[in-house]
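The chain contents come next:
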Amino acid sequence: ADVVVQAQSEGATLSVLVQRVAAGDWKPLALLAFADAPKPGAAAAVAALRALGLRVVMLSGDNRAAAVAMAQRLGLRPDAGEVVADVLPADKAAYVRQLQAQGHCVAMVGDGVNDAPALAAADVGLAMSHTQGGGSDVAMHAAGITLMRGDPALIAASLDISRRTVRKIRQNLFWAFVYNVAGIPL
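This is a predicted model, so every value here is computed, not measured.

### Details of the overall build of the chain
Alright, step 1. Looking only at helices and strands, the chain features seven helices and seven strands.
Alright, step 2. In summary, the chain has a C-alpha radius of gyration of 23 Å against a globular reference of 16 Å for 186 residues, an excess of more than 25%.
Alright, step 3. Taken over the C-alpha atoms alone, the chain extends approximately 100 × 30 × 30 Å along its principal axes.
Alright, step 4. Burial status across the chain gives 30% buried among its 186 residues.
Alright, step 5. Put simply, 41% of the contacts in the chain that link residues at least 6 apart link residues at least 24 apart.
Alright, step 6. When the accessible surface of the chain is totalled, it reaches about 11700 Å², and 59% of it is carbon and sulfur.
Alright, step 7. Here the chain contributes 16 positive and 15 negative side-chain charges, whose respective centroids are spaced 9 Å apart.

Written out as structure tokens, the structure reads:
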């Protein structure tokens, strides 16, 4: 019983392997606990996104206990509303639209079919491709940006590159305007 409570508190999904010993009578043989492991570098990626001044929220179709357990490993704060669990794909997209209605610019990161509606609804959708399976084509087509490796550190890097690119475009437009204002009268 202690093992069951501990596994559930760590967010594991439990299954019991049983043997039928008589009609209606079952004998448990093994307890199987299944849990996700965070991607290497995911906690550092969350910290890097926060360092950029971004609010990070995890949307998960997993049950609340599993989502909270993963969030805590990543440095997210479930008590601060940074974990939304038990959501269907359409609910993820609705949550993105809700944030947008509140005036937020939303970047969504995902790699599966269940993330595609939210990736399409977000202001910026980032799909993570994987060379070793995972990363669905649907997610990659729904997103505006596809990261070619499944490295979470690329998320902050791509947002930083985007910000610097927009800054450079604005600088160039400013100097082009100044040049034209001075050049046209001459």
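Having put the structure on the table, let's press on.
### Quick notes on the packing of aromatic side chains
Alright, step 1. Evaluation of the coordinates by the stated rule reveals one aromatic pair.
Alright, step 2. Between phenylalanine 174 and tryptophan 175, the ring centres sit 5.0 Å apart and the planes meet at 75 degrees, which makes this aromatic pair edge-to-face.
Alright, step 3. Judged by its relative accessible area of 47%, phenylalanine 174 falls in the partly exposed class.

### Quick word on the pairing of strand 1 (residues 13-22)
Alright, step 1. Sheet topology places strand 1 next to strand 2 (residues 25-34); nine bridges connect them, and they run antiparallel. Within strand 2, the residue paired with valine 18 across the bridge is proline 28.
Alright, step 2. As consecutive antiparallel partners, strand 1 and strand 2 are separated by two residues, and within that stretch glycine 24 has a phi angle of approximately 80 degrees, a positive value.

### A few points about the pattern of salt bridges
Alright, step 1. Taken as a whole, this structure holds four salt bridges when the rule is applied.
Alright, step 2. The partner of arginine 77 in a salt bridge is glutamate 82, and the shortest N-O contact between them spans 2.9 Å.
Alright, step 3. For arginine 77, a relative accessible area of 41% corresponds to the partly exposed category.
Alright, step 4. Since its relative accessible area comes to 4%, glutamate 82 is described here as buried.
Alright, step 5. Linking lysine 92 and aspartate 115 is a salt bridge whose minimum nitrogen-to-oxygen distance equals 2.8 Å. Pair noted here: lysine 92 is in helix 4 (residues 89-101) and aspartate 115 is in the loop between strand 5 (107-110) and helix 5 (116-121), with a separation of 23 residues, a long-range link. The pair lysine 92 / aspartate 115 is uniform in exposure class, with both members buried.

Definitions and cut-offs
Residues numbered from 1 in each chain as written. Predicted model: local features only at pLDDT ≥ 70, side-chain atom pairs only at ≥ 80, totals over all residues. Heavy atoms only, no water. Helix = DSSP H or I, 4+ residues; strand = E, 2+ residues; numbered from the N terminus. Rg over C-alpha atoms; globule rule 2.2 N^0.38 Å. Buried < 20%, exposed > 50% of the residue type's maximum accessible area, 1.4 Å probe, protein only. Contact = heavy atoms within 4.5 Å. Areas by Shrake-Rupley, 256 points an atom, 1.4 Å probe, with all protein chains shown as cover. Lys, Arg positive; Asp, Glu negative; His and termini not counted. Charge placed at Lys NZ, Arg CZ, Asp CG, Glu CD. Phe/Tyr/Trp six-rings, centres within 6.5 Å; stacked < 30°, edge-to-face > 60°. Pairing = 2+ DSSP bridges. Salt bridge = Lys/Arg side-chain N within 4 Å of Asp/Glu carboxyl O.

Nothing here speaks to function; it is all geometry.
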